[in-house]
Amino acid sequence: MPERSEPGFRRRVGPPSRRARVALLTLGVLAVLFLLFVMFAGFWTDWLWFKSVHYSSVFTTQLWTKVGLFAVFGLAMAVVVGLNVWLAHRLRPPLSAMSVEQQSLDRYRAGLAPFKRWALIGISLVIGLVAGAAASGQWRTWLLWTNGTPFGVKDAQFGMDVSFYAFELPFYEFLLGFAFSAVIVSLLTSVLVHYLYGGLRLQGPGRRASAGAQGHLAVLLGVFVLLKAAAYWLDRYALAVKTGSYKGVSGWTGLRYVDANAFLPAKTILFFVAIICAVLFFLTPVRRTWAPALIGLGLMVLSAVLIGGVYPAIVQQFQVKPNEQAKETPYIQKNIDATRKAYGIADSQVTSYSPANATNADALKPDAQTITDIRLLDPNVVGPTFQQNEALRKYYAFPKSLDVDRYGAQDTVLGVRELDLNGIQRNWINDHFNYTHGYGVIAAKGNQVDGNGNPVYTESALPTKGAFGPYQQRVYYGEKTTTYSIVGGGYQDIDYTAEDGAPVHSTYDGDSGVGLGNPLTRAAYAVKFKEPQILYSSAIKDGAKIIYDRTPKERVEKVAPWLSIDADPYPVVQAGPNGRPGKVVWVLDGYTTSDGYPFSSKTTLGDVTKDSLTNQRGELLTAANQVNYIRNSVKATVDAYTGEVTLYQWDENDPVLKTWMKAFPDTVKAKAEIPDTLMPHLRYPQDMFKVQRDLLAEYHMTDAGGFFNGTDIWQVPADPTTNTNEVQPPYYLTVRMPEANAASFSLTTSFTPSGRDNLAAFMSVSADPGPDYGRIRIAKMETDSRALGAKQVQAKFNSDPLVANQLTLLKTGTDSDIEYGNLLTLPVGGGLLNVEPVYLIARGAKVPVLKKVLATYGNENAVVAVEDNLEKALAKVLGGAVAGAPVTPTAPGTGQTTPTTPTTPTTPTPANPATPAPGGTVTPELQKAIADVLKAQNDVDNAARAGDWVALGQAQKAQSEAVKALAAAQQKAGLAPAATPAPAGTPAASPTAAPTGSPTASP
């Protein structure tokens, strides 16, 4: 007998011991329990969150709707498929034919015999689960169908209410798709069972299908064809929301001539053909032959090709093409009317405007407020300035793009001082217990800067003080707050660090968050956030609560999943009632949308809302991203301290909102309940405006003939102040449109003709929540106006020798970069005024400081001004006319605003830069000197980047000589007084230049 150590010995392995089996079983049970708890934790924490924000009905409505759809459609699919599998087995022939094929199948039949019942149940359940899961995703479709509200508008083709297309047709299409799926799965499984049990044979003599199999499959095919008939009938109505591309509109929607005169009758004919074909399939079990049904099916397919394909092509080729405009004009008009109504642009007011190249005091007087409120402070540039001047602690931060609001009659740029955890020593206690919130709102006048080019703050310091009065300054919910915090329970978190270094504490007492007193709840959140310390940490005291999902956008999206949310929430310091302290709330605009408005062209929200600031502000995304109906139906607020979410009905006539309010009752408050202290701060939303301006680029043409010819298509110009090709963002401005009686807070944009750079139109919408709210006005330039578009204005600024000279001196003397602010176009005094602030950014500090203001008034021959402040720039480009209207002065360097009387304007520079300007002439020598300075600066930058210190020294020497030569050329040309230019690295000595003090001065 071989020893155990010998190679030939094979050790016999017995079954595992009892202890091993128990251990394996225990591990398996624990693994299953853990997976179940993970699933439970997600459900449980969601329920607790919705309950904490008092929107538990939203959670339960979604839950029970999904469960109901899952159960009903999953059970229906399981029953239909299971019944057909059972029937196929029941109809099996008593004896299978003797053939090699059947003998091979005998083994499978014998092996399946003991498990037939369980196989039937298992297959049915798996298919039912898949179908139920897919159906539960249609909860929105179900709620819209069951709660649909009439639009009161009928479509132009069938006379059906728009609600049929928006709410009913999608559900009918879902039902039809589900029925098709059930029949196809039943057909496939039945064929398999019939084949397995001999009802269908591929080999052997005699009939290939038994009578039972033939009848069963014929009935299923008949049902399939009957469903196809229903599909043909629904397709008739679907033509009204069919999307294609036509006349440059990629989302063109609705019937055209060939649809109405070829496809529509073809669908009707095919409907009847399909019914006849279905009847022939139903008669197959009686006639015991496939021939009539197959002939009918062949005729249906042939009809679909000829009637549904060839005939429309013939109509298009021989009726439409020879006279396309006459044929298509009625349908183009239907599309124009429906699109303008669906996007809320039907009442847009278009007036002709011929901008003048000069103005006078009388013409300028009506625009005094427009001039006074010209916004110099670009909210998309000065974020770093706020950060440098007003963050005050390294754990606070402002967003890169700030917001614009009105406080009184003052356009104000403001930002929230939010928590930035990157500025602290990171650990679990600091991240989630000590540093939990931001502190205060900083505000500055939009139309002023101080003598150093910094904002004139109306609310500043830490704690903040100023124009807002007392308010709750702690910000627990904000745009940058993306992590969870554990607050309350007597734990004192840090407000800020005092000047002596001692932390100032407070204890959160807001009505927000989920209590962690229950061990099960703590375990659920430990799983949710993958942080076991939540389960056992002693830092969590009795009464502690966890707060999360803290950005305003995600909070509103969770409580109103049927809304699309504007990408730019903005903060409001809302005054308290009866003299009590106020609070900070985030205001968000919510949109109701639909893709089922007949004849209205579709647009992709994510595309048309992109502009040069999208990366800074975010992008509008929605579950139904391609829509052809949109309304700004809801104004939502999120309390920055308590996290309370409130939804207000804004559009009281929107049928989509009314439908969702029926589906989720008591979640949206009436418009009348909006507080009086909040109403003045509500404004027209940017994303809605972007959608409308994109449509109006083409749909400002209301005549179908003009639309067909496409002779007046506009486009939004690219932003000339950035290096991207993205379009200009819209700007909030106080402006008076030419036909308006007074200026109002508005959202504005400009258009250029398609493929050209001159100005085509200027568009504004009243953003104030008054009776004029939402009114769109368009000043359309006359064809011979020669008005400058954004790109042309920027090119005019860039090519002007004086501008180049002044900006070169700024950059050279301070080792800084130039950044252009928003290029503002304003209809003023019968013409067009363009104003652009210029910021100086020190390369080390990266803090923008306003140093120059560029302005021009008129067409390509107009004067260009580059001055230290707006008052001087307007005096130059408007001349004596500016004396007819007050101009907001630059505040002194102390940061305090001191009203002053406008200075007497100087004589404007002549329009032609080749002629003598006030004080001198632009000579070729001066132009060469400017070019030499620019080249020298470029050489210095290149040498510094390359680390070539020898070349750097030589370049700096050449730069110093070039600056001296420039100053000499200026003096000779009479454009600057005699002064010795400062060497590189020191401020340039020029009385026309802005002060070169520190651009990062703190308050």
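Residues numbered from 1 in each chain as written. Predicted model: local features only at pLDDT ≥ 70, side-chain atom pairs only at ≥ 80, totals over all residues. Heavy atoms only, no water.

1. Observations concerning the overall build of the chain
Logical step 1: Regarding its fold elements, the chain presents 28 helices and 34 strands.
Logical step 2: Within the chain, the fraction of its 1003 residues that count as buried is 52%.
Logical step 3: Relative to all contacts within the chain whose residues are 6 or more apart in sequence, the contacts with residues 24 or more apart total 69%.
Logical step 4: Carbon together with sulfur atoms contributes 58% to the accessible area of the chain, which is approximately 43800 Å² in total. (Helix = DSSP H or I, 4+ residues; strand = E, 2+ residues; numbered from the N terminus. Buried < 20%, exposed > 50% of the residue type's maximum accessible area, 1.4 Å probe, protein only. Contact = heavy atoms within 4.5 Å. Areas by Shrake-Rupley, 256 points an atom, 1.4 Å probe, with all protein chains shown as cover.)

2. Quick notes on the environment of Leu297
Logical step 1: Residue position: Leu297 is located in helix H10 (residues 291-320).
Logical step 2: Considering only alpha carbons, one finds Leu297 and Val273, 24 residues apart in sequence, at a separation of 9.1 Å.
Logical step 3: The contact partners of Leu297, leaving out residues within four places of it in the chain, are Cys277 and Phe281.

3. Some details on the sheet that holds strand S9 (residues 441-449)
Logical step 1: One open sheet holds the 5 strands; their spatial order is S5-S6-S9-S10-S11, and the pairing between them is antiparallel. Bordering the open sheet on either side are strand S5 (403-407) and strand S11 (465-466), each of which pairs with just one other strand.
Logical step 2: Inspection of the sheet shows S5 paired to strand S6 (residues 410-416) by 5 bridges, in the antiparallel sense. Bridging from a neighbouring strand, Tyr407 pairs with Gln410 of S6.
Logical step 3: Strands in contact with helix H14 (residues 383-390) are S6, S9 and strand S10 (455-460); relative to S10, the strand with the most contacts, it is inclined by about 55°. (Pairing = 2+ DSSP bridges. Axes fitted to C-alpha atoms, helices over the stretch in contact; angles between N-to-C directions.)

4. Details of the side chain of Asn822
Logical step 1: With respect to the helices, strands and loops of the structure, Asn822 is situated in the loop between strand S30 (816-820) and strand S31 (824-828).
Logical step 2: For Asn822, a relative accessible area of 1% corresponds to the buried category.
Logical step 3: Looking at Asn822, its side chain comes within polar contact range of the side chain of Arg375, at 2.7 Å.
Logical step 4: Setting aside anything within four residues of it in sequence, one finds Asn822 in contact with Arg375, Asp378, Pro379, Tyr731, Val835, Glu836 and Pro837. (Polar contact = N/O pair within 3.5 Å; in protein donor to acceptor, adjacent residues only side chain to side chain.)

5. Some words on the sheet that holds strand S13 (residues 485-488)
Logical step 1: Taking strand neighbours across the sheet as the criterion, the 3 strands line up as S13-S17-S16 in an open arrangement whose pairing is antiparallel. Unpaired on one side and paired on the other, S13 and strand S16 (514-515) mark the two borders of the sheet.
Logical step 2: Taken together, the 4 bridges between S13 and strand S17 (residues 544-547) define a ladder with antiparallel strand orientation. From the neighbouring strand, Val487 faces S17, where its bridge partner is Lys545.

6. As for H14
Logical step 1: Inspection of H14 places Gly383, Thr385, Phe386, Asn389 and Glu390 among the buried residues, and these make up the whole buried set. For H14, the buried positions fall inside an angular range of 155° around the axis, keeping them on one side.
Logical step 2: The inward-facing, buried residues of H14 abut S6, S9, S10 and strand S33 (848-857).
Logical step 3: Just past H14, the residue Leu392 takes up positive phi, approximately 65°. (Arc of directions from axis to C-beta.)

7. A look at unusual backbone geometry
Logical step 1: Each neighbour pair has its own omega, and for Leu462 with Pro463 the value is -5°, a cis peptide bond.
Logical step 2: Located in the positive-phi region is Ala461, a residue other than glycine, with phi close to 80°.
Logical step 3: Backbone geometry places Asp666, a non-glycine residue, at a positive phi of 65°.
Logical step 4: Secondary-structure assignment places Asp666 in the loop between helix H21 (655-663) and helix H22 (686-699).

8. Considering the pairing of S5
Side-chain positions along a regular strand alternate between the two faces of the sheet.
Logical step 1: By the criterion of burial, S5 is predominantly enclosed, with 5 of the 5 residues buried.
Logical step 2: Of the two faces of S5, the one lined by Asp403, Asp405 and Tyr407 and the one lined by Val404 and Arg406 are each fully buried.

9. Section: the packing of helix H5 (residues 139-147) against helix H6 (residues 162-196)
Logical step 1: For the pair H5 and H6, interaxial distance at closest approach is 8 Å and the crossing angle is 130°. Relative to H6, H5 is oriented oblique. The handedness of the crossing between H5 and H6 comes out as left-handed. In this structure, H5 uses Thr141, Trp142, Leu144 and Trp145 to contact H6, whose residues at the interface are Phe167, Glu168, Pro170, Phe171 and Tyr172.
Logical step 2: For the contact of H5 with H6, the residue count by class is 7 nonpolar, 1 polar and 1 charged. (Parallel < 35°, antiparallel > 145°, perpendicular 65-115°, else oblique. Left-handed = near helix turned anticlockwise from the far one by under 90°. Nonpolar A, V, L, I, M, F, W, Y, C, P; charged D, E, K, R; others polar.)

10. Here we look at the pairing of strand S15 (residues 503-506)
Logical step 1: Taken together, the 4 bridges between strand S14 (residues 493-497) and S15 define a ladder with antiparallel strand orientation. Of the residues in S15, the one forming a bridge with Tyr496 is Val504.
Logical step 2: Adjacent in sequence and paired antiparallel, S14 and S15 are bridged by 5 residues, among which Gly501 carries a positive phi angle near 90°.

11. Re the packing of helix H2 (residues 56-90) against H5
Logical step 1: At their nearest, the axes of H2 and H5 sit 10 Å apart, and the two run at 100° to each other. Our classification of the angle between H2 and H5 gives roughly perpendicular. Only Trp139, Trp142 and Leu143 of H5 make contact with H2, whose side of the interface consists of Thr61, Gln62, Thr65, Lys66 and Leu69.
Logical step 2: Across the contact of H2 with H5, the residue classes break down as 4 nonpolar, 3 polar and 1 charged.

12. Here's the deal with the confidence of the model for the chain
Residues shown with low pLDDT carry predicted positions that ought not to be read at fine detail.
Logical step 1: On average, residues of the chain score 86 in pLDDT, and 86% of them are at 70 or above.
Logical step 2: In the model of the chain, helix H3 (residues 100-112) stands out as the element of lowest mean pLDDT, 66, in contrast to strand S24 (residues 645-649), which has the highest, 98.
Logical step 3: Of the regions scoring below 50 in pLDDT, residues 1-5 engages in 3 contacts with residues more than four places distant in sequence or in other chains. (pLDDT = per-residue confidence, 0-100.)

13. Let's talk about helix H1 (residues 18-52)
Every α-helical turn comprises 3.6 residues, leaving residues that sit three or four positions apart pointing alike.
Logical step 1: Relative to the 51 Å expected for 35 residues at 1.5 Å per residue, H1 spans 49 Å between its end C-alpha atoms, a close match to the ideal helical length.
Logical step 2: Among the residues of H1, Ala41, Thr45, Leu48, Trp49, Phe50 and Ser52 are the ones counted as buried.
Logical step 3: A positive backbone phi angle near 65° is found at His54, which sits one or two residues after H1. (Expected span 1.5 Å × (residues − 1).)

14. So, the pattern of salt bridges
One side chain can pair with another of opposite charge once the charged atoms of both are near each other.
Logical step 1: Across all of its chains, the model carries 25 salt bridges by this definition.
Logical step 2: Put simply, Lys852 and Asp868 hold a salt bridge, and the shortest N to O gap is 2.5 Å. With a gap of 16 residues between them, Lys852 in strand S33 and Asp868 in the loop between strand S34 (864-867) and helix H26 (870-878) connect regions that are remote in the sequence.
Logical step 3: For Asp868, a relative accessible area of 18% puts it in the buried group.
Logical step 4: One salt-bridge network, held together by shared partners, links Glu739, Asp772, Arg775 and Arg777. (Salt bridge = Lys/Arg side-chain N within 4 Å of Asp/Glu carboxyl O.)

15. Things to note about a nonpolar patch on the surface
Logical step 1: Taken together, Leu24, Leu25, Leu27, Val29, Leu30, Val32, Leu33, Leu36 and Met39 make up a surface patch of nonpolar side chains, about 930 Å² in accessible area.
Logical step 2: Tracing the sequence through the fold places Met39 in helix H1. (Patch = residues over 30% accessible without salt bridge, like charges linked within 9 Å, V, L, I, M, F, W, Y side chains within 5 Å.)

16. Focus on the packing of aromatic side chains
Logical step 1: Taken as a whole and judged by the stated rule, the model has 49 aromatic pairs.
Logical step 2: With a centroid separation of 5.2 Å and an interplanar angle of 70°, the aromatic rings of Phe180 and Phe224 are classed as edge-to-face. Here Phe180 is found in helix H6, whereas its partner Phe224 is found in helix H7 (residues 211-238), with 44 residues between them in sequence.
Logical step 3: Of the residues examined, Phe180 reaches a relative accessible area of 17% and is grouped as buried.
Logical step 4: When its relative accessible area of 30% is taken as the criterion, Phe224 is described as partly exposed.
Logical step 5: Taking 5.1 Å as the distance between ring centres and 55° as the angle between the ring planes, the aromatic pair formed by Tyr395 and Tyr435 counts as tilted. (Phe/Tyr/Trp six-rings, centres within 6.5 Å; stacked < 30°, edge-to-face > 60°.)

17. Quick notes on the nonpolar core
Logical step 1: Counting residues in each nonpolar core, the largest one holds 185 residues, and the members touching the most others are Phe386, Ile486, Ile546, Trp562 and Leu647.
Logical step 2: Examining the composition of this core, we find that 15 residues originate from one element, H6, more than from any other.
Logical step 3: In contact with Ile546, not counting residues within four places along its chain, are Tyr484, Ser485, Ile486, Gly513, Val514, Leu516, Tyr525, Phe529 and Ile534.
Logical step 4: Counting residues in hydrophobic clusters, the runner-up holds 14 residues, among them Leu788, Leu802, Val803 and Val866. (Core = buried A, V, L, I, M, F, W, Y, C linked by side-chain atoms within 4.5 Å.)

18. Here's the deal with the environment of Leu421
Logical step 1: With respect to the helices and strands, Leu421 occurs in the loop between strand S7 (418-419) and helix H15 (428-434).
Logical step 2: A sequence separation of 15 residues divides Leu421 from Thr436, and the C-alpha atoms of the two residues are 9.0 Å apart.
Logical step 3: The contacts of Leu421, once residues within four sequence positions are left out, are Arg426, Asp431, Tyr435 and Thr483.

19. Things to note about the environment of Tyr699
Logical step 1: The residue Tyr699 is located in helix H22 in this model.
Logical step 2: The buried category is assigned to Tyr699, whose relative accessible area is 2%.
Logical step 3: In this structure, the C-alpha to C-alpha distance between Tyr699 and Arg340, residues 359 residues apart in sequence, is 7.1 Å.
Logical step 4: Setting aside chain neighbours within four positions, we find Tyr699 in contact with Val249, Trp252, Asn335, Ile336, Thr339, Arg340, Ile345, Ser601 and Phe707.
Logical step 5: Engagement of the side chain of Tyr699 in a polar contact is seen with the side chain of Ser601, the distance being 2.8 Å.

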